[in-house]
Structures are given as structure tokens and as C-alpha cells.
Amino acid sequence: MARTLARNTRTGDVLCRYGGEEFCLLLPDASTEQARAIAERIRVSIESSAVEGGRSTRVERITSSFGVASVDYGASRLEELIDQADNALYKSKESGRNRVTVWEPPGD
């Protein structure tokens, strides 16, 4: 998983493990649309390349859900940005998983 994430990031992006099965990817100088496209590319790459698990265990299907947030929507602190991304992630999971959701301000 980490290799797939790292293969799909740009120089200057910051990839961090954020909890047991969660990762955080900071994309400096990326627009919201670019971030969504990067997340979608990673999602497809994970789904198509994850066919063998640890210890040569055959894996039928691995999917991933993403939440995308942007300072363009008014987050002034990193914690607020992470909270917005987390809310978008939960929308992805609630909407059937294996998808990318961009956080939008309430009322949009």
C-alpha cells in the first residue's frame, strides 16, 4: 500500500501514516481538482495492483476510500483541514466505499 501511494505522488508531496489503516497526503500547490485527480489515480492503482497480500496470501479485492480537503475552503489550521478531509472520507465510506469525495462547505 505504501509503495503504491509513494509511486503516485509528486516531488514535494508529503505522505504520512495517520492511524492504523489511514494515510494522509499533503499536496502543496495542488488545486482541489488536481488533488481529487491524484486521489482517484491512487484509488484505481490500489484496486488494480492489490492482488497479493502479505506472506503470499491471495487477495481478491482491495479498495480504498479518500477524503479531499483544501485550504481554498477556508481552513486556517492544519487540524481543521484534517477534520474536513476526515468528514469527506466518511462520506466516501457512507456512499459505498471505493471512491473519492471532496469536502465542500455546508450549504454548497
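Residues numbered from 1 in each chain as written. Predicted model: local features only at pLDDT ≥ 70, side-chain atom pairs only at ≥ 80, totals over all residues. Heavy atoms only, no water.

## Describing the packing of aromatic side chains
- By the definition in use, this model includes one aromatic pair.
- With 6.1 Å between their ring centres and 65° between their planes, Y73 and W103 make a pair best called edge-to-face. One end of the pair, Y73, is in the loop between β3 (66-68) and α3 (78-94); the other, W103, is in the segment after β4 (100-102), and 30 residues separate them in sequence.
- Classification of W103 as buried rests on a relative accessible area of 15%.
- One cation-aromatic arrangement involves K93 over Y90; the distance from NZ or CZ to the ring centre is 5.3 Å. (Phe/Tyr/Trp six-rings, centres within 6.5 Å; stacked < 30°, edge-to-face > 60°. Helix = DSSP H or I, 4+ residues; strand = E, 2+ residues; numbered from the N terminus. Buried < 20%, exposed > 50% of the residue type's maximum accessible area, 1.4 Å probe, protein only. Lys NZ or Arg CZ within 6 Å of the ring centre and 35° of its normal.)

## Thoughts on unusual backbone geometry
- One non-glycine residue, R97, adopts positive backbone phi at about 70°.
- Of note, R97 is situated in the loop between α3 and β4.
- For R97, a relative accessible area of 47% corresponds to the partly exposed category.
- The backbone phi angle of N98 is positive, close to 55°, even though this residue is not glycine.

## Some words on the nonpolar core
- Of all hydrophobic cores here, the largest spans 11 residues; its members are L5, L27, A30, A35, I38, A39, I42, I46, F66, V68 and V100.
- Breaking this core down by element, the ones donating at least two residues are α2 (32-49) and β3.
- Ranked by the residues each element gives to this core, the list is headed by α2, at five residues.
- With residues near it in sequence (within four places) discarded, F66 still touches A39, I42, R43, I46, A88, L89, S92, R99, V100 and T101. (Core = buried A, V, L, I, M, F, W, Y, C linked by side-chain atoms within 4.5 Å. Contact = heavy atoms within 4.5 Å.)

By themselves, these figures tell us nothing about what the structure is for.
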